[in-house]
Amino acid sequence: MKTTPKQKQLSELINNNMQFYAAKMQQLNRYSDSFNAEVYAHNITELVNRLNETVAYAKELEEVSYRVAEKEAGQYA
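Bear in mind the structure is a predicted one, so any value in this text is a computation, not a measurement.

*Asks:* An account of the overall build of the protein chain is requested, with residue identities and associated values reported.
*Replies:* Looking only at helices and strands, the protein chain has two helices and zero strands in total. Computed over its C-alpha atoms, the radius of gyration of the protein chain comes to 18 Å, more than 25% above the 11 Å expected for a compact globule of 77 residues. Expressed along its principal axes, the backbone C-alpha trace of the protein chain runs to roughly 60 × 15 × 15 Å. Out of the 77 residues in the protein chain, the part that is buried amounts to 21%. For the protein chain, the share of sequence-separated contacts (at least 6 apart) that also reach a separation of at least 24 residues comes to 79%. The average position of the 9 basic charges and that of the 10 acidic charges among the side chains of the protein chain differ by 6 Å.

*Asks:* Go over the packing of aromatic side chains with me, naming the residues and quoting the values.
*Replies:* Both the distance between ring centres and the angle between the ring planes are used here to describe each pair of aromatic rings. On inspection of all chains with the given rule, the structure shows zero aromatic pairs. When the ring centre of Phe20 is taken as origin, the NZ or CZ atom of Arg50, which lies over that ring, is 3.9 Å away.

*Asks:* Which residues make up the pattern of salt bridges, and what values go with them?
*Replies:* The full count for this structure, using the stated rule, is two salt bridges. The shortest N-O distance in the salt bridge between Lys6 and Glu60 comes to 3.3 Å. Remark: Glu60 occurs in helix H2 (residues 37-76) and Lys6 occurs in helix H1 (residues 5-30); sequence separation between them is 54 residues. Glu46 is paired through a salt bridge with Lys24; the nearest N and O atoms lie 3.3 Å apart. With Glu46 in helix H2 and Lys24 in helix H1, this pair connects stretches of sequence that are 22 residues apart. The partly exposed category is assigned to Glu46, whose relative accessible area is 26%.

*Asks:* Give me the lowdown on the side chain of Asn43, citing residues and values where you can.
*Replies:* Here Asn43 lies in helix H2. In terms of polar contacts, Asn43 uses its side chain to reach the side chain of Lys24, at 3.0 Å.

Conventions used here
- Residues numbered from 1 in each chain as written.
- Predicted model: local features only at pLDDT ≥ 70, side-chain atom pairs only at ≥ 80, totals over all residues.
- Heavy atoms only, no water.
- Helix = DSSP H or I, 4+ residues; strand = E, 2+ residues; numbered from the N terminus.
- Rg over C-alpha atoms; globule rule 2.2 N^0.38 Å.
- Buried < 20%, exposed > 50% of the residue type's maximum accessible area, 1.4 Å probe, protein only.
- Contact = heavy atoms within 4.5 Å.
- Lys, Arg positive; Asp, Glu negative; His and termini not counted.
- Charge placed at Lys NZ, Arg CZ, Asp CG, Glu CD.
- Phe/Tyr/Trp six-rings, centres within 6.5 Å; stacked < 30°, edge-to-face > 60°.
- Lys NZ or Arg CZ within 6 Å of the ring centre and 35° of its normal.
- Salt bridge = Lys/Arg side-chain N within 4 Å of Asp/Glu carboxyl O.
- Polar contact = N/O pair within 3.5 Å; in protein donor to acceptor, adjacent residues only side chain to side chain.

If you want it as structure tokens, here you go:
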């Protein structure tokens, strides 16, 4: 199946968010000894927002991929 520019863009956004998530989790683990509830809450909120964004990208990627597959299937029918 051919990859469209939109699929590539969404995949890159998902990968970028997953890298951000991994780095932020490492940061939180590294600084857990100097626990600051306000900073921790801010970081967790930021993680949740990025994860929600990632889920939205993944849903859109799934929809785009499905439409591309349908279009390609129609070309071969």
